[in-house]
Amino acid sequence: MRLPEPVEDVVVNLLRLANTKLPTDIGWALEAAAGWETGEIAGIQLGAIMENAKKAEHLGLPMCQDTGIPVFYVRGRFDSSIAKDIAKGVERATESIPLRPNAVDPLTRVNSGNNLGPGMPIIHYMPTDDEFTEISVLPKGAGSENMTRLAMLNPSDGIEGVKRFVVGAVLDAGGRPCPPTIVGVGIGGTSDRCVEMAKEALLAPIDSENPDPDLARLEEELFMDLNSSGLGPMGLGGSTTSFAVKIRKAYCHTASLPVAVNIGCWATRRATARITESGVEYAQGAVL
Ligand code: SF4
């Protein structure tokens, strides 16, 4: 497939869109929350977040100083050169937007200065026979990423065990992932796949429906539990702790019940480009 634009340019556009414009669904959720929160502190926090997001979009600047680690998902048709092109786009975006250089050697803590390095950016590949190449980016800040949790539950813990673990992980995180959050949950698979699914779930817009009715019900129950906890915006009290819970599942070993939580902060930044021979379409979310 001949691409109408260099992938490098598309990646710069994606990182600019994700970092400077809050996805519409999160904007609506913030406005709705500001309408129903009655507490003064919760109202002030939501007002500050909305003001900040508006200014970022207006000025074309990142909405948070932690512009995150670039995590990419590539779907459809592509060849192996796409990794190099994505890396070039990350380097250019770091310079031009600008993005904070966040990528360091985990042991020496030496910063590469361009958000690149061994294993960086992180790219997940999902080849299909579709006549498009789809690239999604989910810049992930440390405040929320550091709250990631994995449990290898006992199968006998069942759904109640899953719920206890998810609610416990979000409440233990408190204000550190900058609530209101979106809570990504992976259930099943192996330990590594489970954590991947929890993060993939954050790409889905808040209003996208889970096609699995059992998971949709569980999402709703967890959403109610989290928002009746009183944690609230920025962990300072209120009834808006999370905008949504998004769950993905995979079959697992008969003796395992892996559960993972990956939290997206209020600034859950996401952007997707679908590239076909006739052009590039941008959106701010994708259901993988
Ligand atoms: S958790 Fe999100 S909003 Fe909070 S500092 Fe990190 S990136 Fe920014």
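A sheet is described by the order of its strands in space; here five strands give the open sequence β2-β1-β3-β8-β9, paired in mixed fashion. The open sheet is flanked by β2 (122–127) and β9 (279–283), the only strands paired with a single partner. For this sheet, the mean angle separating the axes of adjacent strands, direction not counted, is 15°. Bridge count between strand β8 (residues 271–276) and β9: five bridges; the pairing is antiparallel. Note on β9: the bridge partner recorded for T276 is G279. Packed on one face of the sheet, helix α1 (residues 7–20) meets β1 (71–76), β3 (133–137), β8 and β9 and runs near 155° to β8.

Here the focus is the sheet that holds strand β7 (residues 257–264). Pairing within the open sheet is mixed, and its four strands lie in the order β4-β7-β5-β6. At either margin of the open sheet sits one strand with a lone partner, and together these are β4 (149–153) and β6 (242–250). In this sheet, neighbouring strand axes are inclined to one another by 15° on average, regardless of whether the strands run parallel or antiparallel. Pairing geometry for strand β5 (residues 181–188) and β7, over six bridges, is antiparallel. Paired with I187 across the two strands is V259, which belongs to β7. Each of β4, β5, β6 and β7 is contacted by helix α6 (residues 158–173), which is oriented at about 30° to β7, the strand it contacts most. Strands β5 and β6 of the sheet are contacted by helix α8 (residues 213–227), whose axis makes an angle of about 145° with β6.

Rules of the game
Residues numbered from 1 in each chain as written. Predicted model: local features only at pLDDT ≥ 70, side-chain atom pairs only at ≥ 80, totals over all residues. Heavy atoms only, no water. Pairing = 2+ DSSP bridges. Helix = DSSP H or I, 4+ residues; strand = E, 2+ residues; numbered from the N terminus. Axes fitted to C-alpha atoms, helices over the stretch in contact; angles between N-to-C directions. Contact = heavy atoms within 4.5 Å.

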